[in-house]
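One letter stands for each residue in the lines below.
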Amino acid sequence: MQKLFENWQKFIKEEEINEVTEEELGDIESILLNLKPSDLPFGDIFGDKMRLVQPLPTQDENLDYLKNILKRSGYTPDFTTGRASYYVVNIPGTGKDARGNPIRPSSMILTGDQQELTQKKDDETEERYNERMKIIQKKEIKIGKLLQKGSRLFDIANQSYKEFENVKPEDFKVSPDQGSPEDEVNVEKYREKSVELEAKMDTAAGKLQDVFPALTSRASGDINPFQKLANWWNKKSAYYRENPAAGESGESTGQYSVIYSRHPIDVLRMSDFDKIESCHSPRSRGGGGGQTYYKCAVAEAHGEGAIAYVVKTEALNHLKEEWGADSDQDLLDKFQSADEELFVDRERDTGEIQPVSRLRLKQYRNPSAEVSLAVPEERVYGRRFPSFLKTVIRWAKDTQAKEIKKLEDTKDSDNPYENAFEDDALNLRNWERYGGTYQDTDDSTLFHNFLGYTTIGSARVDSTTEDNLEINSSVLGEYEQAVGALQEHWNGHYQAVEVHAEVEDHDEEVYISVSAKYYIKIDEDEFVESAFQTVTREAIEQIPDELTNYGYDWLQDYINYTVDGGAVVMEIPFDMDEINPDGSNYAYDPHNFEEICQVLDQKDDQADHILEIAKGVLKRSGILEGAALIKLARALEDESWYEWDYQIDDDWNPTEIEVDTKTYVNFNELIKQIPVKFTTQLKVPTQDFTAELHGSQIAIIETWENQGGGRAYRVRSEEFGDETGMDVANKAAALEYIQWEVSKLILRPPGDWPGQISRSRYESSRDFNLAIRKLMRDEAGGAEGDFAYPNSETWVGGPDADDEYKVEFGMRLTESDPDAVVDNAHTIIVETDDEDILRAIFLKAFAQVLKIPGAAVSETKRYFNKFNLF
């Protein structure tokens with residue numbers, strides 16, 4: 001151990017240390033030259049070791065919460081795709097409401113407990129199971145999109161809840177303490193408003209619960225859990241897609257380790273690593289905080305504190321192979337025996353491992369109870385691991401169990417000077433804190449986090465070491481250097497935020513003026529109107545108000561924009577009073593400026609959601625491509641439709657709309673007109689003959705004499721998929737059978753025709769769907785070559801007991817569809833919202849596909865595989 005301190009003294013005398021400069025060495029040399037092994041703290045924890053190590057379990061609490069709420073609400077996440085599947089029960093609309101309007105179909109998400117409905121029961125017939133599954137549909141949605149939708153609905157529900165809670169009789173000039181208010185009119189107004197707001201609150205809460213059925217409480221409180229999850233998912237979704245196993249378990253072990261150190265060099269360099277800078281950094285790295293904060297690090301290094309670093313386990317494994325170590329702890333012991341530095345310092349070309357996070361352990365002593373404790377700080381610097389602080393606290397408890405037990409035993413003492421407690425509260429007045437005077441967290445919070453006790457009073461600070469340090473520097477120069485480094489670091493880290501700070505000296509008082517802007521960038525190609533048009537400017541000016549409605553009230557109420565590099569760049573200033581924890585637009589030192597930057601970093605995490613809101617404003621104003629989808633959603637919601645049903649994934653900011661119509665049609669008369677012809681040049685009556693459709697053979701009719709007399713007929717056709725053929729009574733029956741089989745190839749309903757009744761549906765032939773598409777286009781007034789077709793499908797089910805077939809035609813529109821496609825779909829819906837028009841279209845399409853005489857036909861395609869039907 002003595003050799004270690006000899007090397008430590010060499011370290012502080014070196015002249016080529018760039019992280020800690022020669023001038024800064026002068027600040028610490030006088031204090032640390034006489035450092036002895038006995039000066040190091042926490043001997044009961046470390047024994048004769050300088051460093052200890054343990055794995056860091058990285059349990060993602062956000063992931064646990066996400067999986068819990070998704071599961072209870074009926075969503076099954078797939079972390080390989082970033083999507084969630086769920087089941088929807090489709091409830092058909094039947095009857096009419098009180099106003100005489102048709103009741104629209106509705107749908108309901110099956111919760112996790114309800115999804116047993118999708119499983120076939122042991123005593124259930126296949127037919128009954130299939131019947132139940134007809135109204136259950138499996139769907140998928142992007143997890144990020146689902147969370148953003150939840151965030152928006154929560155904000156609306158939360159706002160309506162606050163409106164209901166805040167309505168008061170006094171607002172209507174009604175005095176609640178009067179038994180019989182004279183102004184009955186105002187009382188009635190208050191009652192009506194209260195009922196109105198309660199209904200609004202219930203409706204908003206219901207919409208949120210429609211999407212997340214697991215939610216049972218009202219959307220109250222100041223924290224939007226879905227917004228928090230959405231921001232987290234934006235950052236973590238790529239990781240879980242690449243590591244689905246971590247997504248399933250929620251915990252990743254072995255990737256990181258915690259190294260606990262009381263080595264003076266490790267403690268001194270607590271803020272001397274990339275991305276772990278703070279106001280405790282040496283002045284050469286931009287820290288210092290005037291005369292105070294860097295001195296704290298020096299004081300801690302004087303045997304009065306310890307530090308916990310997070311490192312990559314992979315780096316430890318590499319070093320174990322190089323050093324021939326049996327374990328992580330064996331590796332640290334070998335470094336200690338060899339007097340080698342562990343943590344990298346590239347400027348001095350020493351050390352091996354780059355830490356990614358750190359947490360201080362502060363030294364507290366209670367002389368009367370003869371107890372000394374290493375208490376973990378709350379604030380983590382560097383990369384944030386949710387489990388880091390918990391891991392350090394658990395380690396500190398386990399390794400100091402004897403000291404904690406000794407502390408708890410003082411409760412039995414009647415001597416108030418020996419009892420560390422007062423009325424079951426830990427009395428901090430009897431404690432002393434050593435090391436640097438600066439602390440991120442107050443004593444009461446640290447002890448409560450560590451031991452769980454309620455506390456009274458505050459610990460005394462032994463600042464002897466720090467007070468005796470002589471660190472000479474210019475506060476203005478230090479501030480400028482520190483702020484410049486922090487500004488450069490954070491602006492390189494942000495994606496949508498830019499912070500600007502200037503150090504100013506006024507009446508011998510140094511302070512930091514701070515401003516920041518939020519940037520929204522959208523490619524100019526996405527705009528359907530020029531960025532310099534008045535209509536564009538007016539739409540953009542609506543964005544700040546919309547952001548305020550969503551709770552982003554830390555942005556100012558005005559916006560500027562320009563076109564730069566092919567993008568429309570919009571900037572909104574921050575309201576710095578809302579950002580600075582101290583409630584002002586200036587920082588009093590670099591540490592306070594860093595706190596502001598960290599708050600801005602949290603706001604920066606919401607960039608994707610803010611961009612989506614901004615685009616929604618511009619789409620609804622018709623400025624961005626995609627406005628047509630929003631207009632269609634509004635039209636579907638605001639108007640009454642008789643023959644068209646719809647589903648919208650998000651009523652306010654839709655990305656997918658499905659519309660479909662269902663009409664029952666009787667095709668019997670057209671089926672009888674299918675122009676099947678038999679060969680007529682028969683040499684003898686017993687000869688087999690063929691059936692043709694438009695000059696092409698489609699079937700052979702075999703004929704022979706029955707044993708009992710009379711003729712027998714059998715229809716064979718490869719097209720009908722019947723290798724054995726179908727026995728029929730005569731030529732007329734053969735013709736009827738062939739016509740039915742041809743229509744089946746077009747309509748494709750299941751079952752044995754015409755005897756079996758089926759309510760299931762099959763996708764129709766491609767030709768039938770194309771014919772319907774063209775007739776829908778004609779009804780919408782479109783022209784071939786100029787009409788952009790929506791993505792569509794046609795299904796047919798039946799026949800039912802009345803020989804009618806349910807023909808369904810659906811269109812699916814997404815945010816990636818051009819506006820022209822969406823507009824055409826809208827026109828089709830408007831022009832065909834009549835049962836007679838739809839039935840005529842389906843009949844005419846059937847006739848066109850089969851070239852039935854008398855049908856108005858343009859060029860159509862042939863029908864079977866060999867004629868390119870499918």
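Residues numbered from 1 in each chain as written. Predicted model: local features only at pLDDT ≥ 70, side-chain atom pairs only at ≥ 80, totals over all residues. Heavy atoms only, no water.

Section: helix α16 (residues 443-451)
Stage number 1. Within the sequence span of α16, burial applies to D443, L446, F447, F450 and L451. Buried residues of α16, viewed axially, fall in a sector of 100°; they line one side.
Stage number 2. Sitting at the amino-terminal end of α16 is D442, which places a side-chain oxygen 3.2 Å from the backbone nitrogen of S444.
Stage number 3. Following α16 by one or two positions, G452 adopts a phi angle in the positive range, close to 85°. (Buried < 20%, exposed > 50% of the residue type's maximum accessible area, 1.4 Å probe, protein only. Helix = DSSP H or I, 4+ residues; strand = E, 2+ residues; numbered from the N terminus. Arc of directions from axis to C-beta. Polar contact = N/O pair within 3.5 Å; in protein donor to acceptor, adjacent residues only side chain to side chain.)

Side note on the packing of helix α4 (residues 61-73) against helix α8 (residues 225-242)
Stage number 1. Packing of α4 against α8 leaves a shortest axis separation of 10 Å and a crossing angle of 110°. When the interaxial angle is binned, α4 and α8 end up roughly perpendicular. Across from N62, L63, Y65, L66 and I69 in α4, the residues of α8 making contact are P225, F226, K228, L229, W232, W233 and Y240.
Stage number 2. Here the residues of the contact of α4 with α8 sort into 10 nonpolar, 1 polar and 1 charged. (Axes fitted to C-alpha atoms, helices over the stretch in contact; angles between N-to-C directions. Parallel < 35°, antiparallel > 145°, perpendicular 65-115°, else oblique. Contact = heavy atoms within 4.5 Å. Nonpolar A, V, L, I, M, F, W, Y, C, P; charged D, E, K, R; others polar.)

Structural notes on the side chain of Q487
Stage number 1. Take Q487: it is sitting in helix α18 (residues 475-493).
Stage number 2. Its relative accessible area of 19% is what places Q487 among the buried residues.

Some words on unusual backbone geometry
Stage number 1. Located in the positive-phi region is D339, a residue other than glycine, with phi close to 55°.
Stage number 2. With respect to the helices and strands, D339 occurs in the loop between α13 (328-337) and β10 (357-366).
Stage number 3. One non-glycine residue, D423, adopts positive backbone phi at about 55°.
Stage number 4. Mapping D423 onto the fold places it in the loop between β13 (421-422) and β14 (425-427).
Stage number 5. The exposure class of D423 is exposed, given its relative accessible area of 74%.

Some thoughts on the packing of helix α14 (residues 388-399) against α16
Stage number 1. For the pair α14 and α16, interaxial distance at closest approach is 9 Å and the crossing angle is 75°. Of the possible angle classes, the one that applies to α14 and α16 is roughly perpendicular. Across the interface between the two elements, I393, A396 and K397 from α14 touch N449, F450 and L451 from α16.
Stage number 2. Tallied by class, the residues present in the contact of α14 with α16 amount to 4 nonpolar, 1 polar and 1 charged.

Things to note about the pattern of salt bridges
Stage number 1. The final tally for this structure, using the stated rule, is 28 salt bridges.
Stage number 2. Put simply, R812 and E656 hold a salt bridge, and the shortest N to O gap is 3.1 Å. Of the two residues, R812 sits in strand β32 (residues 805-814) while E656 sits in strand β24 (residues 656-665), which places them 156 residues apart along the sequence.
Stage number 3. A residue is classified by how much of its surface remains accessible, and R812, at 37% relative accessible area, is partly exposed.
Stage number 4. For E702, the salt bridge identified is with R716, shortest N-O distance 2.8 Å. Of the two residues, E702 sits in strand β27 (residues 696-705) while R716 sits in strand β28 (residues 711-717), which places them 14 residues apart along the sequence.
Stage number 5. Overlapping salt bridges, with partners in common, bring together D645, D660 and K662 in one network. (Salt bridge = Lys/Arg side-chain N within 4 Å of Asp/Glu carboxyl O.)

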